[in-house]
Amino acid sequence: MKRLALAGLIVALSWCVLVRVPLVVNAPAHLDSDLAVDGLTLQQAVEGRWRWHYPGTPYMGTGAVLLSYLPARIWGTSPSTLVAGGTIAYGLFVAGVFAAVWAGFGPRVATWSLVPLAFASTGTIWLTGRITGGHMLAAAWSAGAWALLAWLIIKGGKGRAALLGLWCGLGLWHDSMFLMTLVGLLAGGLTALIETRSGWTWRSAGLCSLAMLAGFAVGVAPRPIGRALEPYDAYNEQFAWSLDPALLKEHTRILFLDCLPRLVAGHRLPGFEADPDPALLGTGAPVQRAGIRRPEIALTAVVATALGLGAFVASITLLKLRVWKANSAEGRAIAVGTLVSSAAILAAFVVNRNIFNADNYRYLVLLLIPGALGFGLVFDGLSKRSTVGLAAALVIAATYGGAFALDASAWYRRLGWIDERGAVVRRAVDDPALRWLGEHPEVAAFQAGYWDAYRLAFLSDRPLLGVPNPIFPNRFPEWSHDLPGGRPTLLIARPSPEDQRFLQQALAEGGEVLLNERGTTIATWPLRPR
């Protein structure tokens with residue numbers, strides 16, 4: 001069974017890479033400014049300038065840069081080598097979940113858990129294309145933490161405890177979302193401590209706790225050091241909460257109709273929409289915005305949504321039941337810990353004041369871990385009942401995988417990234433502003449809306465400074481500080497009211513229109529004499 005399980009892992013990882021090829025190839029088409037900031041940070045790292053955290057976000061360490069660093073060193077920094085890091089992160093996530101489930105419940109459950117991980121929803125596939133915005137490294141790090149917890153419970157030892165502490169400290173430096181994992185790890189560790197079968201004593205637990213705290217202090221050190229050396233925060237609000245009843249009601253609706261279905265099934269309810277909107281690809285708009293509702297609903301969308309949500313609910317339900325029937329202390333610790341972590345994630349989501357739409361589903365990515373674990377438990381239990389049970393499990397799993405594979409294919413065709421034969425198609429970026437900048441290499445800096453500033457700077461593939469309009473977060477404040485007058489003398493404007501306001505100001509102060517094409521206006525903006 002062990003060899004079969006390892007073979008299953010290799011097949012699953014291979015499929016995970018293959019299904020993301022269109023996403024990587026078409027990285028320029030779905031690049032937005034948030035992802036472009038990741039790319040610009042990667043470019044700086046390749047050039048030898050490493051940051052403690054991503055620009056303007058001191059709660060996001062630069063560990064994710066390493067995911068794309070080797071591809072960028074080999075093939076150059078580009079949108080595709082950047083997005084390839086997301087596929088690497090997802091591969092690490094799958095391997096981490098597999099290892100954690102194996103450690104807690106054995107190779108059979110681990111093998112079955114690969115099904116929802118390999119045949120993931122289009123929502124999950126999309127997250128692997130966002131390096132920091134997809135939080136996939138946090139998910140992979142969380143999966144690794146559960147595997148290390150199981151290893152510590154089984155083997156014990158202060159060295160393993162220190163390693164787990166170090167791992168958790170680095171996880172919190174990588175991404176503040178790892179705090180949700182820490183809550184679950186604490187609950188799982190306490191469960192193992194009071195579990196009579198674990199063999200732990202209070203003395204051994206105390207010594208290991210001290211070692212763990214020491215390791216954690218070392219691992220998390222880059223976070224306060226980086227904040228002290230690079231204190232600039234472009235948002236000044238990492239997490240704000242509210243208990244307003246109307247807000248809680250709306251966030252609950254978004255959670256169960258938009259975000260959770262998009263994460264585990266790839267479609268929002270009740271219209272079965274699959275994001276993003278193809279019309280926004282290759283433009284300055286935030287392409288992860290909710291797509292338009294289509295009058296027709298594909299059968300694959302309905303089947304994938306029903307299977308995805310049904311499997312997730314069944315998985316979490318059985319996981320709760322198995323808390324009291326786990327065959328090992330490490331299994332019970334993982335079950336309890338992941339459930340507690342999941343409850344913390346859902347509660348934080350509902351009270352988070354900055355929840356607006358389906359795009360916020362990225363905050364739920366850690367739920368994929370208990371979902372996969374519960375799936376493995378459900379299908380392992382079914383397959384062990386009888387020959388008929390095994391056949392039923394295989395048929396259902398094959399149906400599940402086929403439905404999600406077909407749904408992903410339909411999603412890619414709608415985005416224009418594969419043709420009717422399934423061949424990968426690279427969708428060109430047709431942006432008048434990007435073309436104009438390419439035709440004018442003398443331009444060294446420009447001002448634009450946030451969703452254009454960093455995106456155009458990175459896509460231009462040359463030294464170019466993009467400064468967002470003052471009403472938006474400025475992720476690289478040093479760019480404008482170093483310019484004469486504190487801002488560029490070129491403005492790029494789209495049809496949005498915010499952009500048009502700055503355009504009218506530029507024209508009123510003597511600016512001249514250089515380009516006006518398909519809603520894109522490029523104009524000079526002279527500096528006022530002092």
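The structure under discussion appears in the preceding block.
Residues numbered from 1 in each chain as written. Predicted model: local features only at pLDDT ≥ 70, side-chain atom pairs only at ≥ 80, totals over all residues. Heavy atoms only, no water.

Re the nonpolar core
Piece 1. The biggest cluster of nonpolar side chains holds 132 residues, and the ones touching the most others in it are Phe93 and Leu364.
Piece 2. In terms of residues, this core owes the most to one element, helix H9 (residues 136-155), which gives 14 residues.
Piece 3. With near-sequence residues (within four places) excluded, Phe93 lies in contact with Leu117, Met136, Ala139, Ala140, Ala143, Leu368 and Ile369.
Piece 4. Core analysis: the next-biggest nonpolar cluster, separate from the first, contains 10 residues, Ala304, Phe375, Phe379 and Phe404 among them. (Core = buried A, V, L, I, M, F, W, Y, C linked by side-chain atoms within 4.5 Å. Buried < 20%, exposed > 50% of the residue type's maximum accessible area, 1.4 Å probe, protein only. Helix = DSSP H or I, 4+ residues; strand = E, 2+ residues; numbered from the N terminus. Contact = heavy atoms within 4.5 Å.)

Examining the packing of helix H5 (residues 65-75) against helix H6 (residues 79-105)
Piece 1. At their nearest, the axes of H5 and H6 sit 7 Å apart, and the two run at 140 degrees to each other. One finds that H5 runs oblique with respect to H6. Crossing hand, H5 versus H6: right-handed. For the pair H5 and H6, the contacting residues are Leu67, Ser68, Pro71, Ala72 and Trp75 in the first and Thr81, Leu82, Gly85, Ile88, Ala89 and Leu92 in the second. (Axes fitted to C-alpha atoms, helices over the stretch in contact; angles between N-to-C directions. Parallel < 35°, antiparallel > 145°, perpendicular 65-115°, else oblique. Left-handed = near helix turned anticlockwise from the far one by under 90°.)

Topic: the side chain of Asp175
Piece 1. Take Asp175: it is sitting in the loop between helix H10 (158-174) and helix H11 (178-194).
Piece 2. Within polar-contact distance, the side chain of Asp175 engages the backbone nitrogen of Met177 at 2.9 Å.
Piece 3. Once residues lying within four places of it in the same chain are set aside, the contact partners of Asp175 are Tyr59, Met60, His135 and Ala138. (Polar contact = N/O pair within 3.5 Å; in protein donor to acceptor, adjacent residues only side chain to side chain.)

Some points on the pattern of salt bridges
Piece 1. Scanning the entire structure with this criterion turns up 22 salt bridges.
Piece 2. Measuring nitrogen to oxygen at the nearest pair gives 3.4 Å for the salt bridge that ties Asp430 to Arg518. Of this pair, Asp430 sits in the loop between helix H18 (387-415) and helix H19 (432-439) while Arg518 is found in the loop between strand S4 (513-517) and strand S5 (520-524), placing the two residues 88 residues apart along the sequence. Each member of the pair, Asp430 together with Arg518, is exposed.
Piece 3. Several salt bridges converge on common partners, so that one network encompasses Arg262, Arg268, Glu273, Asp275 and Asp359. (Salt bridge = Lys/Arg side-chain N within 4 Å of Asp/Glu carboxyl O.)

Examining a nonpolar patch on the surface
Piece 1. A contiguous nonpolar surface patch, about 330 Å² in accessible area, is contributed by Trp151, Leu163, Leu166 and Val218.
Piece 2. With respect to the helices and strands, Leu166 occurs in helix H10. (Patch = residues over 30% accessible without salt bridge, like charges linked within 9 Å, V, L, I, M, F, W, Y side chains within 5 Å. Areas by Shrake-Rupley, 256 points an atom, 1.4 Å probe, with all protein chains shown as cover.)

With respect to unusual backbone geometry
Piece 1. The step from Leu269 to Pro270 runs through a cis peptide bond, and the omega angle for that step is 5 degrees.
Piece 2. Inspection of the secondary structure puts Pro270 in the loop between helix H14 (245-264) and helix H15 (299-322).
Piece 3. Located in the positive-phi region is His135, a residue other than glycine, with phi close to 55 degrees.
Piece 4. Tracing the chain through its elements places His135 in the loop between helix H8 (122-127) and H9.
Piece 5. Judged by relative accessible area, His135 falls into the buried class, the value being 9%.
Piece 6. Even without being glycine, Phe272 reaches a positive phi, approximately 60 degrees.
Piece 7. With respect to the helices and strands, the residue Phe272 is situated in the loop between H14 and H15.

Some details on the pairing of S4
Piece 1. Strand direction decides the pairing type here: S4 and S5, joined by 4 bridges, are antiparallel. Paired with Glu517 across the strands is Thr520, a residue of S5.
Piece 2. Remark: 2 residues form the turn of the hairpin made by S4 and S5, two consecutive strands paired antiparallel; Arg518 in that turn has positive phi of roughly 50 degrees. (Pairing = 2+ DSSP bridges.)

Some details on the environment of Gly159
Piece 1. Examined against the element boundaries, Gly159 turns out to sit in helix H10.
Piece 2. Considering only alpha carbons, one finds Gly159 and Met212, 53 residues apart in sequence, at a separation of 8.6 Å.

So, the pairing of strand S2 (residues 465-468)
Working note: regular strand, side chains alternate between the two faces of the sheet.
Piece 1. Bridge analysis of strand S1 (residues 445-448) against S2 gives 4 bridges, and the strand direction is parallel. Along S2, the bridge assignment pairs Ala445 with Leu465.

What about the packing of aromatic side chains?
Piece 1. If you walk through the whole model with that rule in mind, you get 19 aromatic pairs.
Piece 2. Considering the side-chain rings of Trp411 and Trp417, the 6.3 Å spacing of their centres and the 75 degrees angle between planes classify their relative orientation as edge-to-face.
Piece 3. Each ring, one from Tyr450 and one from Trp451, has its centre 5.1 Å from the other, and the planes form 90 degrees; the classification is edge-to-face.
Piece 4. Put simply, the rings of Trp112, Phe375, Phe379, Tyr400 and Phe404 pair up and form one aromatic cluster.
Piece 5. Of note, Arg130 hangs over the ring of Trp126, and the distance from its end group to the ring centre comes to 4.5 Å.
Piece 6. Stacked on the ring of Trp525, the Lys or Arg Arg487 has its end atom at 4.1 Å from the ring centre. (Phe/Tyr/Trp six-rings, centres within 6.5 Å; stacked < 30°, edge-to-face > 60°. Lys NZ or Arg CZ within 6 Å of the ring centre and 35° of its normal.)

Some remarks on the packing of H9 against H10
Piece 1. As a packed pair, H9 and H10 sit with axes 10 Å apart at the nearest point and diverge in direction by 165 degrees. Here H10 runs roughly antiparallel to H9, going by the angle between their axes. With respect to the hand of their crossing, H9 and H10 are arranged in left-handed fashion. Facing H9, whose interface residues are Leu137, Trp141, Gly144, Ala145, Leu148, Leu149, Trp151, Leu152 and Lys155, H10 presents Arg160, Ala161, Leu163, Leu164, Trp167, Leu170, Gly171 and His174.
Piece 2. Partitioning the contact of H9 with H10 into residue classes produces 12 nonpolar, 3 polar and 2 charged. (Nonpolar A, V, L, I, M, F, W, Y, C, P; charged D, E, K, R; others polar.)

Describing the side chain of Ser142
Piece 1. With respect to the helices and strands, Ser142 occurs in helix H9.
Piece 2. For Ser142, a relative accessible area of 1% corresponds to the buried category.
Piece 3. Setting aside residues no more than four positions away along its own chain, Ser142 makes contact with Phe178, Thr181, Leu366 and Ile369.

Remarks on the environment of Ala7
Piece 1. Position of Ala7 among the secondary structure elements: in helix H1 (residues 2-19).
Piece 2. Exposure remark for Ala7: the relative accessible area of 37% places this residue in the partly exposed category.
Piece 3. A C-alpha to C-alpha distance of 27 Å links Ala7 and Leu263, two positions 256 residues apart in sequence.

Focus on H1
Piece 1. Taking 1.5 Å per residue as the helical rise, H1 with its 18 residues ought to reach 26 Å, and the 26 Å between its terminal C-alpha atoms agrees with that figure.
Piece 2. Every buried residue belonging to H1 is among Ala5, Leu9, Ala12, Cys16 and Val19, and all of these are buried. On an axial view of H1, the arc spanned by its buried residues comes to 105 degrees, and they lie on one face. Residues of H1 that are exposed and angled more than 90 degrees away from the buried face: Arg3, Leu4, Ile10, Val11 and Leu18.
Piece 3. Where H1 is buried, its residues meet helix H2 (21-25), H6, helix H7 (107-118), H8 and H18. (Expected span 1.5 Å × (residues − 1). Arc of directions from axis to C-beta.)

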